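Take a look at the letters that make up each chain.
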Amino acid sequence: MIDAFQIPATVLIGGGSRREVVAQLNRFGVRRVLLVTDRGMMQLGPAGEIAGLLTEAGLTVAIHDDVQPDPTDRNVLEGLERFRAEGCEALVAVGGGSPIDAAKAISVLTTNALPLCQYAGYHKIPRVGVPLIAIPTTAGTGSEVTKVTIIKDTERDVKMMLLSVNLLPSVALVDYELTLTMPARLTAAVGVDTLTHGIEAYVSRKAHPMTDALALSCIQLVGRHLRTAYREPNHPEARAGMMLAACQGGMAFANSSVCLVHGMSRPIGALFHLPHGLSNAVLLPTVTRYSLPSALSRYAYVSQLLGGCDPEATDSQAADALVVGLEQLNTDLQLPRLRDCLGLEETRFRTLLPKMAEDALASGSPQNNPRVPDSEEIVDLYQQAW
Ligand SMILES: [Fe+2]
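In every chain, residue numbers begin from 1 and rise along the written sequence. Local features in a predicted model are, by the rule used here, given only for residues with pLDDT of at least 70; side-chain atom pairs are given and counted only at 80 or more, and totals for whole chains, interfaces and linings are based on all residues. Side-chain numbers here rest on the full set of heavy atoms in the structure, without hydrogens or water.

Asks: Mind showing me how you'd approach the pairing of strand 7 (residues 148-153) here?
Replies: In regular strands, side chains alternate between the two faces of the sheet. The buried label goes to any residue with under 20% of its type's maximum accessible area, the exposed label to any with over 50%, and the partly exposed label to all in between, with areas taken from a 1.4 Å probe on protein chains only. Here a helix means four or more residues in a row that DSSP labels H or I, a strand means two or more in a row labelled E, and each is numbered from the N terminus. Counting buried positions over the six residues of strand 7 gives five, a clear majority of the element. One requirement defines pairing of two strands: DSSP has to find at least two bridges between them. Hairpin geometry of strand 7 and strand 8 (residues 158-163) is characterised by an intervening segment of four residues between the two adjacent antiparallel strands and by a positive phi of about 60° at D157.

Have a look at this one:
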């Protein structure tokens, strides 16, 4: 059995690391760069600051700021056209998971034939793309260090998952200062996404010692810092802790896997446009309760790390306490339940349950879960989470 561990060759972590962008680009000898971001990042400042640093250094910068939340194949193709029209040689992505995911797909489409959908799944991208420097502005997806991208196929209305070492950014600049202005609601949702990465990477059937170490550290950091980051947005230690957790969670799940929570979460995002972190948060307690019996000691250890149970508790007691603790975390972070998010669309939700279950299974993620459900069980879990 050989365990793979693949992360970007360079990861710079710490306040101010975003300002290393020029020095890192210079290593690749490129002069023309496409900056991939979204309108919010341009308006709020981080993307403009990075564009300014690049321009001051004499680089030519084209800006693709049309990436939407849950990026689509169209966002990617527009970016690719722009990249080619401007004669760019490298990419810089600034934002949450969406611009970084879009930039990864643009990068590999500069060197691999269209269409993108032929690369959905595992290890299907033949060639490495152009250099990509990823600069995250949320502490959540960990996309800056992963070989995974999620792009919505607008014709089929599904989120495609592409996993390939060729999707890895060349450089990640992990700078918590960019998260100090994140609104509380976003902090909460992306923070629970990070926790889900840590937990799923640790309980996955694909977990191995390299991913365990990072997953457990990620879980512990979230337990220590998420509530503080939510309540006190300017708390540097909490923000730095969550940024590190997101980075470690990304490294862990991309080399182990995500499981049933992410598998069930993507159809909710694709069909109801719920943000990724939120759709994970509404499922995490329910899916954890279902999965406990198949990885009891691992879930018990997670519970101990999060400090949610008596150190003398049995595995069974600790694992049960984890479900309660995850529900309490959602409450403390004022995250809504699924019915609060989709209340007006309840009939459509009920009608689409079989498709959602099939799409979840087709993604491959539920099969990595310690307890593997069939489609009827997945429908039942969606209903329990309602
Ligand atoms: Fe996620």
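Asks: Help me out: how do you make sense of the coordination of the iron ion in this one?
Replies: Listed donors are limited to N, O and S atoms within 2.8 Å of the metal, widened to 3.2 Å for Na, K and Ca; water is not among them, so incomplete-looking sites are possible. Donor atoms from the polypeptide that bind the iron ion are D193 (OD), H197 (NE2), H262 (NE2) and H276 (NE2), placed at 2.1 to 2.2 Å. Key to geometry: four donors with every angle between 85 and 135 degrees are tetrahedral; four donors are square planar and six octahedral where opposite donors lie over 155 degrees apart and all remaining angles lie between 65 and 115; all other sites are irregular. One way to put it: the four donor atoms around the iron ion meet at angles of 87 to 169°, and that makes the site irregular. Donor residues binding the iron ion come from one chain and are separated in sequence as D-x3-H-x64-H-x13-H. Placement of the pair is D193 in helix 6 (residues 184-203) and H262 in helix 9 (residues 260-272), with a sequence separation of 69 residues. Note on accessibility: D193 and H262 belong to one class, buried.

Asks: Help me understand the packing of aromatic side chains, please; the structure alone is not making it clear to me.
Replies: Ring pairs (aromatic) are described by centroid distance and by the angle formed between their planes. Between 30 and 60 degrees the pair is tilted, below 30 it is stacked and above 60 it is edge-to-face, where a pair is any two Phe, Tyr or Trp rings, Trp via its six-membered ring, whose centres lie within 6.5 Å. Considering all chains together, one arrives at four aromatic pairs under this definition. Each ring, one from Y202 and one from Y301, has its centre 6.4 Å from the other, and the planes form 50°; the classification is tilted. In this pair, Y202 is assigned in helix 6 and Y301 in helix 12 (residues 296-305), connecting sequence segments 99 residues apart. We classify Y301 as partly exposed; its relative accessible area is 40%. Members of the aromatic cluster, connected to one another through ring pairs, are F272, F349, Y382 and W386. The ring centre of F272 lies 4.7 Å from the NZ or CZ of R348, which sits over that ring. Geometrically, a lysine NZ or arginine CZ counts as sitting over a ring once it is within 6 Å of the ring centre and also within 35 degrees of the ring normal. One Lys or Arg, R350, reaches over the ring of W386 and ends 5.1 Å from the middle of that ring.

Asks: Can you help me understand the pattern of salt bridges in this one?
Replies: Close approach of charged atoms allows side chains with opposite charge to pair. Any Lys or Arg side-chain nitrogen found within 4 Å of a carboxyl oxygen on Asp or Glu counts as a salt bridge. Following the criterion strictly, the structure yields 16 salt bridges and no others. A salt bridge links D70 to K159; its shortest N-O distance comes to 2.9 Å. One end of the pair, D70, is in the loop between strand 3 (60-64) and helix 4 (73-85); the other, K159, is in strand 8, and 89 residues separate them in sequence. Assigned by exposure class, D70 and K159 land together as buried. When the shortest N-O distance is used, the salt bridge between E346 and R350 registers 2.9 Å. In this pair, E346 and R350 both sit in helix 15 (residues 346-362), four residues apart, roughly one turn of the helix. Taking relative accessible area as the criterion, R350 reaches 31% and is therefore assigned partly exposed. Salt bridges linked by common partners bring R18, E49, D175 and E177 together as one network.

Asks: Sorry if this is basic, but what is going on with the sheet that holds strand 1 (residues 10-13) here?
Replies: Two pairing modes exist for strands in a sheet, parallel and antiparallel, and in both the strands are linked by backbone hydrogen bonds. An order of 1-9-6-4-2-3 is seen for the six strands of this open sheet, with the pairing classed as parallel. The open sheet terminates on both sides in strands that have one partner only, identified here as strand 1 and strand 3. For this sheet the average axis-to-axis angle between neighbouring strands, irrespective of direction, equals 15°. Inspection of the sheet shows strand 1 paired to strand 9 (residues 171-174) by four bridges, in the parallel sense. Looking at strand 9, one finds that V11 is bridged to A172. Strands strand 2 (32-36), strand 3, strand 4 (90-95) and strand 6 (132-136) of the sheet are contacted by helix 3 (residues 46-56), whose axis makes an angle of about 150° with strand 4. Lines fitted to the C-alpha atoms define the axes, with helices restricted to the stretch that makes contact. Angles between their N-to-C directions range from 0 to 180 degrees. Only heavy atoms enter the contact rule, under which two residues are in contact if any of them lie within 4.5 Å.

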